[in-house]
Amino acid sequence: MQMDALRLFCDVAATQSFTDAARLHHCTPANASHQFHAVEKALGQPLALPGLRSVHLNAAGHVAYEECRHILGLADEMEVQVGKVR
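Residues numbered from 1 in each chain as written. Predicted model: local features only at pLDDT ≥ 70, side-chain atom pairs only at ≥ 80, totals over all residues. Heavy atoms only, no water.

Enquirer: Teacher, can you tell me more about the overall build of the chain here?
Expert: Within the chain one finds 4 helices and 0 strands. In the chain, the succession of α and β elements from N to C terminus is α-α-α-α. The principal-axis extents of the C-alpha atoms in the chain amount to approximately 50 × 25 × 20 Å. Intrachain contacts of the chain at a sequence separation of at least 6 include 45% that bridge at least 24 residues. Carbon together with sulfur atoms contributes 57% to the accessible area of the chain, which is approximately 5800 Å² in total. Side chains of the chain carry 7 positive and 9 negative charges; the gap between the two charge centres is 4 Å. (Helix = DSSP H or I, 4+ residues; strand = E, 2+ residues; numbered from the N terminus. Contact = heavy atoms within 4.5 Å. Areas by Shrake-Rupley, 256 points an atom, 1.4 Å probe, with all protein chains shown as cover. Lys, Arg positive; Asp, Glu negative; His and termini not counted. Charge placed at Lys NZ, Arg CZ, Asp CG, Glu CD.)

Enquirer: Looking at this structure, I do not really get the state of the cysteines. What am I missing?
Expert: As used in these notes, a disulfide is a covalent bond between sulfur atoms, one from each of two cysteines. Scanning the model with the defined rule gives 0 disulfides in all. Here C10 stays free of any disulfide, with the sulfur of C68 as its closest cysteine sulfur at 4.6 Å. Left unpaired, C27 is separated from the closest cysteine sulfur, that of C10, by 14 Å. Given the relative accessible area of 25%, C27 is considered partly exposed. (Disulfide = S-S within 2.5 Å. Buried < 20%, exposed > 50% of the residue type's maximum accessible area, 1.4 Å probe, protein only.)

Enquirer: I would appreciate a short explanation of the nonpolar core in the present structure.
Expert: Residues F9, V12 and F36 are the most contacted members of the largest nonpolar core, which totals 20 residues. Broken down by secondary-structure element, the contributors of at least two residues to this core are helix 1 (3-15), helix 2 (18-25), helix 3 (29-43) and helix 4 (59-84). Of the residues forming this core, the biggest block, 7 residues, is contributed by helix 1. Not counting chain neighbours up to four residues away, the residues in contact with F9 comprise F36, V39, L47, L57, G61, A64, Y65 and C68. (Core = buried A, V, L, I, M, F, W, Y, C linked by side-chain atoms within 4.5 Å.)

Enquirer: Looking at this structure, how should I read the packing of helix 1 against helix 2?
Expert: A pair of packed helices is captured by two measures, namely the crossing angle of their axes and the spacing between those axes. Across the interface, helix 1 lies against helix 2 with an axial gap of 8 Å and an inter-helix angle of 135°. For the element pair helix 1 / helix 2, the angle class is oblique. For helix 1 against helix 2, the interelement crossing comes out right-handed. Packed against helix 1, whose contacting residues are R7, L8, D11, V12 and T15, the element helix 2 presents F18, D20, A21, L24 and H25 at the interface. A class-by-class count of the residues in the contact of helix 1 with helix 2 yields 5 nonpolar, 2 polar and 3 charged. (Axes fitted to C-alpha atoms, helices over the stretch in contact; angles between N-to-C directions. Parallel < 35°, antiparallel > 145°, perpendicular 65-115°, else oblique. Left-handed = near helix turned anticlockwise from the far one by under 90°. Nonpolar A, V, L, I, M, F, W, Y, C, P; charged D, E, K, R; others polar.)

Below, the structure is given as structure tokens:
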């Protein structure tokens, strides 16, 4: 999985909307949906409840969301720390 896909997944989960997450990432809602489903495919299971207009995470989706936030926080901190080394 790519970091951009994880960031987009987290924003879809936080906003409960492919459209709103797409705006944040300057992409189309279709691309946001594609990235969300790519994360689902990589993890091997659905992460959202089916058939709803807005995106609501299922139990696996909540776990994935929390872990993604943790991973992204670590990645951001790594960039900060590496940037301090000159």
